[in-house]
Amino acid sequence: MVSLAEPLGYRPPQEDVLVSQVRAMSEVKTSLVLETICNALQESSTLLGKRLEPNAANASICELLASVNLDPTLPLEKTFLFRCYGLMLREAASGDLVKKHLASLLELSHQFAAQREGIAMAVGLTSTSHLEEVWAVLEHLGRTRFLRSTFTGPDSQPLDSSPHWRWVGSTTLLCYGQMATHARGNILPWVDNVASRMVYYFSSSCYDNILKTSFLSAAIMLVAAIKKESGSQSYKFVQIPELVQCLLCILQREPNFLATHLQEKIILVIMGLSQLRPHLKPMVKSRVLETCLQSLYMLPPMEMLEKSLPPLKPEPDVKMLYGKTTKALELLLQSFISENESMDEIHFLLQHTESWLQSEKSHERRRVVQSISLFLQYALNCLKLPEEASPSMLGHQLGLLTLLWRDEDPLIRYHSRQCVYLLLQLLSQQKGKVLEFIHLNKMRNFEVKASREWEIKLYDVVKAFSDNLTVAQHTQLTLTLLHGLRSCSHLCSDLATEILLLIFQGPGIKRQQVAEILHDLFQELPHIIFKDIQATMMKAVTILGTQHTQETIELILSLCRPSEREGGTLRLSLTKGGRSEHEAAPKQLPDSCPRTPDTPDSSHSGLSKLPLVERAASWKIIPMWKALGTNAQLSRKVLTLLYMKLKLRPPKEVVLLTPQMEPVSLLALGTIYELLYISEYKATIRWAFAGILVGLLTQLHYLFELGLVDGISEKEEGTLHMKPLSPSRTCLEALKGLFWTTNCWEVFAYLQLLKGWELFEHVDTFTEGLTLLARAMAHYNCELKAVLGQAVISLKSSEERDNKVAILLISEFLNSQELTQYTSRKAMASFLSLGLTNSNQLVRALSLQGLSSTLMQPEKVGLLRHQLLGLLDRFLVPEPKDPLGLMAILGDILHRLGAQGIGAMSLKIAQHLLQLFENDREEVRGGAILLFGDVINSGGKKYRQTLKGHAFQALVPLLFHLADRCPPVVKNTKLTFLRCAILLKWEFRKQLFNKLAWGQGLGAEYDIFIYMVESNFGSYQQFLLQAFLYLQSPHRNLKLVAMKFIGGLLQDYFADLCFHLKKGDVRLLQSHFETLRQDQDSRSRKFYQDFWEDVMELYQYVT
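Criteria and thresholds
- Residues numbered from 1 in each chain as written.
- Predicted model: local features only at pLDDT ≥ 70, side-chain atom pairs only at ≥ 80, totals over all residues.
- Heavy atoms only, no water.
- Helix = DSSP H or I, 4+ residues; strand = E, 2+ residues; numbered from the N terminus.
- Buried < 20%, exposed > 50% of the residue type's maximum accessible area, 1.4 Å probe, protein only.
- Contact = heavy atoms within 4.5 Å.
- Areas by Shrake-Rupley, 256 points an atom, 1.4 Å probe, with all protein chains shown as cover.
- Phe/Tyr/Trp six-rings, centres within 6.5 Å; stacked < 30°, edge-to-face > 60°.
- Lys NZ or Arg CZ within 6 Å of the ring centre and 35° of its normal.
- pLDDT = per-residue confidence, 0-100.
- Core = buried A, V, L, I, M, F, W, Y, C linked by side-chain atoms within 4.5 Å.
- Patch = residues over 30% accessible without salt bridge, like charges linked within 9 Å, V, L, I, M, F, W, Y side chains within 5 Å.
- Salt bridge = Lys/Arg side-chain N within 4 Å of Asp/Glu carboxyl O.
- Lys, Arg positive; Asp, Glu negative; His and termini not counted.
- Charge placed at Lys NZ, Arg CZ, Asp CG, Glu CD.
- Axes fitted to C-alpha atoms, helices over the stretch in contact; angles between N-to-C directions.
- Parallel < 35°, antiparallel > 145°, perpendicular 65-115°, else oblique.
- Left-handed = near helix turned anticlockwise from the far one by under 90°.
- Nonpolar A, V, L, I, M, F, W, Y, C, P; charged D, E, K, R; others polar.
- Expected span 1.5 Å × (residues − 1).
- Polar contact = N/O pair within 3.5 Å; in protein donor to acceptor, adjacent residues only side chain to side chain.

A separate point is the overall build of the protein chain. Along the protein chain, the regular secondary structure elements total 56 helices and 2 strands. Here the protein chain holds 1103 residues, and the buried ones make up 57% of them. Sequence separation of at least 24 residues holds for 75% of the intrachain contacts in the protein chain that already meet a minimum separation of 6. Element-wise, carbon and sulfur atoms account for 53% of the exposed surface of the protein chain, whose accessible area totals about 46800 Å².

As structure tokens, then:
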């Protein structure tokens, strides 16, 4: 390193002669000459030139010149005079004389560079023999002149603002540098003192180019002087970090172009300082790396860099300057790694390149990969790394470099691949592997044989990663590639996807990696821009789930707790009221039956019904569950594990002691609820129906035990709540959703129309609700075999809640017509006998009741039928006594006979119940309508067709009683009307249920009318005749709905009526219609006026 003033070791040819002359002078003579030189320099200090004209006042100088054979008549070089001054002081014996004349020298003007450099040179020469005296004089200067030129007064102006002293700080810096240069072997003990003063002057002076170059010159001289001393490595220099910080400040202030060697020199000086003891601390190194990398990488591209220069003469060679600065940075990196030859240090240095590898500017990425490539090549060739260090974040850096393999810039692609290869080679070398792996060799040919299949190349890369990286490094690599999925460049995100898929498929992911990788994928999913990338990553999740099923499921389960999903578990309650949508034209059934927005649909996930603000968290987790559901075997494992977790129910005492801990069964519950609405799990839900059903029922009972019932009865009429469902409500909604999404909608409808689901909202009515549910399942043969098997298992459980749920299911299933196909009486007796010794009274009672059922004791069938005959004699009379009591007994007998049925008696009972539909007593009407639904399903196969006829006869009365003034009657009517539709196998019975359950207003009425009429083609005339009978009804509401019905038939089905009606039918209609003309009700008269012409026209067509 060299000084900006003059080369180190420079000695004029006359110096030896001059020194001998000086030594021969007396002290007085020496002082006189020094004063003369100082005066001459003082007189010429305002001159810009570097030469001094001789005159009479300079006689002593002329004499000195003549003694060294120099012509005293020629102009003098000012530099020579400064050198003479310094040599004379160096040779002086008196310390006082040295101090006196040094002080005089420093009083000279510091305005011009020649003056500052000359003064510094003289001071440096003096310090060779008088180091302490020079130090004292400079200290005094700092406490006086420098403070006055630096500190400001009340007017914010320096105390001494004259140009004479303005740059005294810069002169002092050069003085310290020259001191270091000339002090030779004495400098080492003084280095920290010199460095501290340099830092002080730099920090306290006004920053400008003069200060900058002066400090850099001083630093260069100081480092060069230290390097020359062989004992420098035995010293510890404490001021090095402060010097480095000053140099970094200069570097940071430099403009964003290259015009001088300054940046190169600063980097080289820092490198020299870093090699001294103690080595720089990591924090200081980080600042050095950040600043040096920024100063080089942020320069404009080369083509713009040459154009960005200000006008300079001579014009600098920018390419040469850039090359040298790049080389300096390369040397700095090599110096750092040479200080600490370890993989940790390589990771530390590469860590500072990460932001540049991810830069949006291609020239910055190009520069950094070139630097990394040179650095890694040096490390591979020159270092021997210890085996113990294996920093995990090297995987992250490998990932960043790998993501550049499809960069648009070919140089970046080449160097990034080379960097990955070199880094893997280093890792292989570190482990002491003499022979390279075959996959590393193939990687090296990545560019050479670019025509080879890309997939094969990537496989070699993935295999090389697997062979050479530790598990932690491999994890970081994978996480970095996952982060690359969010790239705005499809090429980059596609590359990340391909490699990740190969990683998951090929060598695979270790068990200990699964949690971290899935967690990061969960975080990245919302940020992936491209749909195909999302789809591919879902395949990767499927692969991961197949390899590590339990870890994958448990991690996904914990990623986004249902209670934290901001509505993620918020499904539409199946008890929600619907909104009517009367939009379709008549007879276009698919269009005339639009699904109400509030009605759940098994083909939808349910999320689309949520407000947008509530979907974000769920959309992050749902795709991952979907991915696991695409594999049938894996989806079964998912539900099996969730079922097992659903059964992990700590006692109430434990839950109360740890209120901050959410039981894992609640997590499983919320997730099962989500999966019900994911189409990929539809078949699996059906497969696991029995386990889920029993699990949900026992879970709800468990929540009652814990007292977690807040929010279970919340109704969601019209709008959605902006909060998640409570655990108990989630459980209830999941229970309802299980039947709806598995297409067991008849069971769901049975409870919905009877308000049976509300029974599950209270612990006191839970048993009644479960009994009703089991009865509906038995009636519609809903997964009886599987549920029975699950119930038997639960009956053997040690948990009381499991026993209760099981016996309630089994006791109702005993009345099913299908149960004997799945089990024998002997097996059932064995199961029920288990309950007789149960500690719970309900279980014992129901077990005993089951053992006395008609299935277990067939001889009771005859007794019950005989008892039924006796009841019919009392019931089938015009006005029976206590019809409600009789109907209750009839219903109970029907239920007990179950699969045996009542045969032909069902026809008589059904016919009589039809008459009771119009009974004046509301409770009788309601009871008769409800019992009618049971009767038409109790005749067995032999009488089913005849009972269908009775069901058909009941359609019009039931339709009209949907408008009954008594709500309980309406409730029973809805269920029986639907049961008739199911028995008659209407095409749109599910849509009919939607309207019955949630429909409101004219739109719902019209849709129900359409479903009924269109499902009974050719029967319009029978409906019309039945409806005309209600025009004479004393009940105003029934009369009004009859008029609506008749009007609808006359308007929409006129042509069909003309075809099917007979003359007698029309005359009967005409006579009924004629009575309305004199009716006291104005609406009846208006109805007559509106439709009389239609009736007459119908009469004319028929007759």
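All right, on to the packing of aromatic side chains then. The tally for this structure, following the rule as stated, stands at 41 aromatic pairs. The interplanar angle of 85 degrees and the centroid separation of 6.0 Å between the aromatic rings of Phe-1017 and Tyr-1020 together place this pair among those described as edge-to-face. The class for Phe-1017 is exposed, based on a relative accessible area of 63%. Note that Arg-253 overlies the ring of Tyr-207, its terminal NZ or CZ placed 4.2 Å from the centroid. Its end group placed over the ring of Trp-740, Lys-990 keeps NZ or CZ at 4.7 Å from the ring centre.

Moving on to unusual backbone geometry. Omega for the peptide link from Arg-277 to Pro-278 comes to -10 degrees, which places this bond in the cis form. Although it is not a glycine, Asn-743 adopts a positive phi angle of roughly 65 degrees. Note on placement: Asn-743 falls in the loop between helix H36 (727-741) and helix H37 (745-753). For Asn-743, a relative accessible area of 47% gives the class partly exposed. Phi is positive for Lys-985, which is not a glycine, with a value near 60 degrees. Locating Lys-985 in the fold gives a position in the loop between helix H49 (967-983) and helix H50 (989-998).

The share of residues in the protein chain with pLDDT of 70 or more is 86%, and the mean pLDDT across the chain is 84. The low-confidence segment residues 1-9, where pLDDT is below 50, has 17 contacts with residues more than four positions distant or belonging to other chains. Here residues 717-721 is a poorly scored stretch, pLDDT under 50, and it has 16 contacts once near neighbours within four places are set aside; other chains count.

In this structure, Ile-346, Trp-625, Phe-739, Phe-760 and Leu-773 are the most contacted members of the largest nonpolar core, which totals 358 residues. With 11 residues, the single largest contributor to this core is helix H11 (residues 209-228). Once you skip the residues sitting within four places of it in the chain, Trp-625 turns out to touch Ile-553, Ile-556, Leu-557, Val-638, Thr-671, Leu-675, Ile-678 and Tyr-681.

A cluster of acidic side chains, namely Glu-303, Glu-306, Glu-315 and Asp-317, defines a negative patch on the protein surface. Counting through the fold element by element, Glu-303 comes out in helix H15 (residues 302-305).

By secondary structure assignment, the location of Gln-476 is in helix H24 (residues 471-483). You can call Gln-476 buried: its relative accessible area is 15%. If we skip the residues at most four places from it in the chain, Gln-476 touches Ser-392, Met-393, Gly-395, His-396 and Glu-516.

So, on to the pattern of salt bridges. Applying the stated rule across the entire model yields 33 salt bridges. Salt-bridge contacts for Lys-285 lead to Glu-339; the nearest nitrogen and oxygen are separated by 3.6 Å. Of the two residues, Lys-285 sits in helix H14 (residues 282-297) while Glu-339 sits in helix H16 (residues 318-339), which places them 54 residues apart along the sequence. A residue is classified by how much of its surface remains accessible, and Lys-285, at 5% relative accessible area, is buried.

What follows deals with the packing of helix H43 (residues 860-875) against helix H45 (residues 905-916). One way to put it is that H43 packs onto H45 with a least axis distance of 12 Å and a crossing angle of 30 degrees. One way to sum up the angle between H43 and H45 is to call them roughly parallel. Considering only the axes of H43 and H45, their crossing is left-handed. Here H43 contributes Arg-865, Leu-868, Leu-869, Leu-872 and Phe-875 to the contact with H45, which in turn contributes Met-905, Ile-909, His-912, Leu-913 and Leu-916.

For the pair H50 and helix H51 (residues 1001-1014), the least separation of the axes is 10 Å and the interaxial angle reads 150 degrees. By the angle class used here, H50 and H51 are roughly antiparallel. Along this stretch, H50 crosses H51, giving a crossing that reads as left-handed. Contact with H50, carried on its side by Gln-991, Leu-992, Lys-995 and Leu-996, involves Ala-1004, Asp-1007, Ile-1008 and Tyr-1011 of H51 and no other residues of that element. Class assignment for the residues of the contact of H50 with H51 results in 5 nonpolar, 1 polar and 2 charged.

Turning next to the environment of Leu-916. Residue position: Leu-916 is located in helix H45. Leu-916 sits in the buried class, given a relative accessible area of 7%. Discounting chain neighbours no more than four positions away, the residues touching Leu-916 are Phe-875, Met-887, Val-924, Arg-925 and Ala-928.

Among the secondary structure elements, Ala-472 is positioned in helix H24. By relative accessible area, Ala-472 is classed as partly exposed at 37%. For the pair Ala-472 and Leu-394, spaced 78 residues apart in sequence, the C-alpha to C-alpha distance is 9.3 Å.

Attention now goes to helix H52 (residues 1020-1029). A large share of H52 lies buried, amounting to 7 of its 10 residues. Regarding H52, the residues found buried are Tyr-1020, Gln-1021, Phe-1023, Leu-1024, Gln-1026, Ala-1027 and Phe-1028. Elements that come into contact with the buried residues of H52 comprise helix H47 (944-953), helix H48 (955-961), H51, helix H53 (1036-1052), helix H54 (1054-1060) and helix H55 (1063-1074).

On to H24, then. Between the first and last C-alpha of H24 there are 18 Å, a value that for 13 residues agrees with the 18 Å anticipated at 1.5 Å per step. Among the 13 residues that make up H24, 10 are buried, leaving the element largely enclosed by the rest of the structure. Residues of H24 that are buried include every one of Gln-473, His-474, Thr-475, Gln-476, Leu-477, Thr-478, Leu-479, Thr-480, Leu-481 and Leu-482, and no others.

Structurally, the position occupied by Arg-925 is in helix H46 (residues 922-935). Within polar-contact distance, the side chain of Arg-925 engages the side chain of Asp-964 at 2.9 Å. Ignoring anything within four residues of it in the chain, the contact list for Arg-925 reads Leu-916, Phe-917, Glu-918, Asn-919, Asp-920, His-961, Asp-964, Arg-965, Cys-966 and Val-969.

So, about the environment of Ala-778. With respect to the secondary-structure elements, Ala-778 resides in helix H38 (residues 766-779). On the basis of relative accessibility, which here comes to 10%, the residue Ala-778 falls in the buried class. C-alpha separation for the pair Ala-778 and Leu-809, spaced 31 residues apart in sequence, amounts to 9.1 Å. Excluding its chain neighbours within four sequence positions, the residues that come into contact with Ala-778 are Leu-784, Glu-812, Phe-813 and Ser-816.

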